[in-house]
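# Geometric and topological summary
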Amino acid sequence: MPLYEHVFLARQDISQAQVDALTKEYTEVITEGGGRIGKTEYWGVKPLAYKIKKNRKAHFSLMNIDAPPAAVAEMERRMTLSPDVIRFLTIRVDAHETEPSIQMRKSDRDERRDGDRGGFRGDRGGFRGGGGGFRGDRGGGGGGGFRGDRGGGGGFRGDREGGGPRRDREGGGDGDRPPRGPRPPRDRDPETPTPSQES
């Protein structure tokens, strides 16, 4: 019989027990169709890259299936009818992996890393370490969040050296540019009289 890897996503607001019940229900569908389930893995609640049916997160579950195509088609048909399943994907493979999937190995690695170092991401400070805060609290002014915290400029116009508003529009200019002359007259519609023609 052909081998399949099947991953389905369940709504974020159902419990893990309900996800296990869904997995058991679909396992029974496969066994009734003459197939068998090699292994199942619950990957947990993970964030989605984009909203799917108004959900930002979903329960992820993997099933290794050894079944005829008709049994897999029946399972997929029932998943489309279920309001708790928001997305699924079935892929035909040459052989099933005997070891835990990459998602399970990744979660084990993250748990070991957090346990060894302590805290969220080690003792470097913040969630990802290094800096933290709003960028402006780095030493040496190196990157600066709100622009007003930099020494050399940016932010509001009043915090520049020399202070006050810019003088280039008040007739003085900044020395390199000559003062502006009068504006050229606007092109007017010949049918519309100008104020001087009305009187």
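Computed from a predicted structure; not experimentally measured.

### A word on the overall build of the protein chain
Scanning the protein chain from N- to C-terminus turns up four helices and four strands. Residue burial in the protein chain is summarised as follows: out of 199 residues, 24% are buried. In the protein chain, of all internal contacts separated by at least 6 residues, the share reaching a separation of at least 24 is 66%. Working note: accessible area of the protein chain is about 15000 Å², and carbon and sulfur atoms make up 49% of it.

### A look at the side chain of asparagine 55
Mapped onto the secondary structure, asparagine 55 falls in strand β3 (residues 55-66). On the accessibility criterion, asparagine 55 (7% relative accessible area) is buried. At 3.0 Å, the side chain of asparagine 55 and the backbone oxygen of lysine 53 are in polar contact.

### Topic: helix α2 (residues 69-81)
Its 13 residues place the ends of α2 19 Å apart at the C-alpha level, agreeing with the 18 Å of an ideal helix rising 1.5 Å per residue. Taken together, the buried positions of α2 are occupied by Ala71, Val72, Met75 and Met79. Summarising the axial view, the buried residues of α2 lie within an arc of 100°, below the 170-degree limit, and thus occupy one face. Away from the buried face of α2 by more than 90 degrees, exposed residues Pro69, Ala70, Thr80 and Leu81 are located. In the core, the buried residues of α2 are packed alongside β1 (3-11), α1 (16-32), β3 and β4 (85-93).

### Side note on the packing of aromatic side chains
Enumeration over the complete set of coordinates arrives at one aromatic pair. A ring pair is formed by phenylalanine 8 and tyrosine 26, whose centres lie 6.0 Å apart and whose planes are at 80°; its orientation type is edge-to-face. Placement of the pair is phenylalanine 8 in strand β1 and tyrosine 26 in helix α1, with a sequence separation of 18 residues. When sorted by exposure, phenylalanine 8 lands in the same class as tyrosine 26, which is buried.

Cut-offs used in this document
Residues take numbers from 1 onward in each chain, read along the sequence in its written order. It should be noted that, the model being predicted, local features are given only for residues of pLDDT at least 70 and side-chain atom pairs only at 80 or more, the latter also being counted only at that level, while totals for whole chains, interfaces and linings use all residues. Excluding hydrogens and water, the side-chain values take into account all heavy atoms of the structure. Each helix is a run of H or I in the DSSP string that is no shorter than four residues. Each strand is a run of E no shorter than two, and both are numbered from the N terminus. For the exposure calls, accessible area comes from a 1.4 Å probe over protein chains only, and a residue counts as buried if that area is under 20% of its type's maximum, exposed if over 50%, partly exposed in between. What makes two residues a contact is simply this: any of their non-hydrogen atoms within 4.5 Å. Accessible areas in this description were obtained via Shrake-Rupley with a 1.4 Å probe; residue shielding takes into account the shown protein chains only. Polar contact is defined as a pair of N or O atoms within 3.5 Å, subject to the rule that within protein one atom must be able to donate a hydrogen and the other to accept it, and that residues adjacent in sequence are counted only when both atoms are side-chain atoms. The length a helix should cover is 1.5 Å for every residue beyond the first. Directions from the helix axis toward the C-beta atoms define the arc. When two rings of Phe, Tyr or Trp (its six-membered ring) have centres within 6.5 Å they constitute a pair, described as stacked for plane angles under 30 degrees, edge-to-face for angles over 60, and tilted for the intermediate range.

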